[in-house]
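What the coordinates show
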Amino acid sequence: MDEKSLSHTKWKCQYHLVLVPKYRRKVIYKELRKDIGVIIRKLCDYKKVEIIEAHAMPDHIHMLISIPPKLAVSDFVGYLKGKSTLMIFERHANMKYKYGRRVFWAKGYYISTVGGNKKAIQEYIRNQELEDQMMDQISFKEYEDPFQNARSMEDDDSPNIPPDSRAIK
């Protein structure tokens, strides 16, 4: 079992957490993506929170975490968002011009208890980027402008359509 223990307690408190940047900006990529991963791991280690699975998308982060019962979930998420914002702006000072009040994360977050479907959530987190890319490809349509290369009506070489024989004379 994945149970952990404190002095008089056995526990298994796992959560699926999704954090979103302010205005859902697509900023989590390249160097910032690596730095956010390092920062979040460091902050989780400070609070003894285990990251079971995590994946950063361009506009949000999915994490499967195990939080000790002595920590309130909302307190931990507030700590994680607040401290990580300070550390991100410390490492990437040029971002302060894009984010006026130095607020990196959106106000809310999504959290759900894992229960018995830990494997399904791990697979979802692991494969979500691939699934999103596949869905983008399926829903991506290249629309061709039918009027872009339209010839003038005088050059029309389409066959003449005979008039309707039932037309009133």
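What counts, and where the lines are drawn
Residues numbered from 1 in each chain as written. Predicted model: local features only at pLDDT ≥ 70, side-chain atom pairs only at ≥ 80, totals over all residues. Heavy atoms only, no water. Helix = DSSP H or I, 4+ residues; strand = E, 2+ residues; numbered from the N terminus. Buried < 20%, exposed > 50% of the residue type's maximum accessible area, 1.4 Å probe, protein only. Contact = heavy atoms within 4.5 Å. Areas by Shrake-Rupley, 256 points an atom, 1.4 Å probe, with all protein chains shown as cover. Pairing = 2+ DSSP bridges. pLDDT = per-residue confidence, 0-100. Axes fitted to C-alpha atoms, helices over the stretch in contact; angles between N-to-C directions. Parallel < 35°, antiparallel > 145°, perpendicular 65-115°, else oblique. Left-handed = near helix turned anticlockwise from the far one by under 90°. Nonpolar A, V, L, I, M, F, W, Y, C, P; charged D, E, K, R; others polar. Core = buried A, V, L, I, M, F, W, Y, C linked by side-chain atoms within 4.5 Å.

As for the overall build of the protein
- Scanning the protein from N- to C-terminus turns up three helices and six strands.
- Listed by position from the N terminus, the elements making up the protein come as β-β-β-α-β-β-α-β-α.
- A buried classification covers 34% of the 169 residues belonging to the protein.
- A separation threshold of at least 6 residues defines the contact pool for the protein, and within that pool the share at least 24 residues apart is 71%.
- With an accessible surface of roughly 12,400 Å², the protein has 52% of that area assigned to carbon and sulfur atoms.

Observations concerning the pairing of strand β5 (residues 60-66)
- A large share of β5 lies buried, amounting to seven of its seven residues.
- The side-chain alternation of β5 yields two buried faces, one formed by His60, His62, Leu64 and Ser66 and the other by Ile61, Met63 and Ile65.
- In terms of strand pairing, strand β3 (residues 14-19) meets β5 through six bridges, oriented antiparallel. Across the sheet, the residue bridging to Val18 is His62, located in β5.
- As judged from the seven bridges shared by strand β4 (residues 50-57) and β5, these two strands associate in the antiparallel manner. Among the inter-strand pairings, Glu53 is bridged to a residue of β5, identified as Leu64.
- Connecting the antiparallel pair β4 and β5 is a turn made up of two residues.

Details of the confidence of the model for the protein
- In the predicted model, the protein carries a mean pLDDT of 78, and the fraction of residues at 70 or more is 72%.
- The model gives residues 139-143 a pLDDT under 50, and that stretch makes zero contacts with residues more than four places away or in other chains.

Examining the sheet that holds β5
- Read from one edge to the other, the open sheet built from four strands follows the order β4-β5-β3-β6, with strand pairing classed as antiparallel. Each end of this open sheet is capped by a strand with a single partner; those strands are β4 and β6 (110-113). Strand after strand, the sheet turns through a mean of 15° between neighbouring axes, direction not considered.
- Where β3 meets β6, four bridges bridge the pair, whose relative direction is antiparallel. If you follow Val18 over to β6, its bridge partner there is Tyr110.
- Lying on the sheet, helix α1 (residues 30-46) is in contact with β4 and β5; it crosses β4 at an angle near 160°.

Examining the side chain of Ser84
- For Ser84, the location among the structural elements is in helix α2 (residues 73-91).
- Of the residues examined, Ser84 reaches a relative accessible area of 1% and is grouped as buried.
- Among all residues touching Ser84, those that are not within four sequence positions of it are Ile39, Leu43, Tyr79 and Trp105.

Notes on the packing of α1 against α2
- Viewed as axis vectors pointing N to C, α1 and α2 meet at an angle of 135°, and their least axial separation amounts to 10 Å. Looking at the two axes, α1 sits oblique to α2. In this structure, α1 meets α2 at a crossing whose hand is right-handed. Here Leu32, Asp35, Ile36, Val38, Ile39, Ile40, Lys42, Leu43, Cys44 and Tyr46 of α1 come into contact with α2, specifically with Phe76, Tyr79, Leu80, Lys83, Ser84, Met87, Ile88 and Arg91.
- In terms of residue class, the contact of α1 with α2 is built from 13 nonpolar, one polar and four charged.

Here we look at the nonpolar core
- Counting residues in hydrophobic clusters, the biggest one holds 29 residues, and the most contacted among them are Ile36, Phe76, Leu80 and Phe104.
- At the level of elements, β3, α1, β5 and α2 are the ones that each hand at least two residues to this core.
- Element by element, the count of residues in this core is highest for α2, at eight residues.
- Ignoring any residue separated from it by four or fewer positions in sequence, one finds Leu80 in contact with Leu17, Leu19, Ile40, Leu43, Cys44 and Met63.

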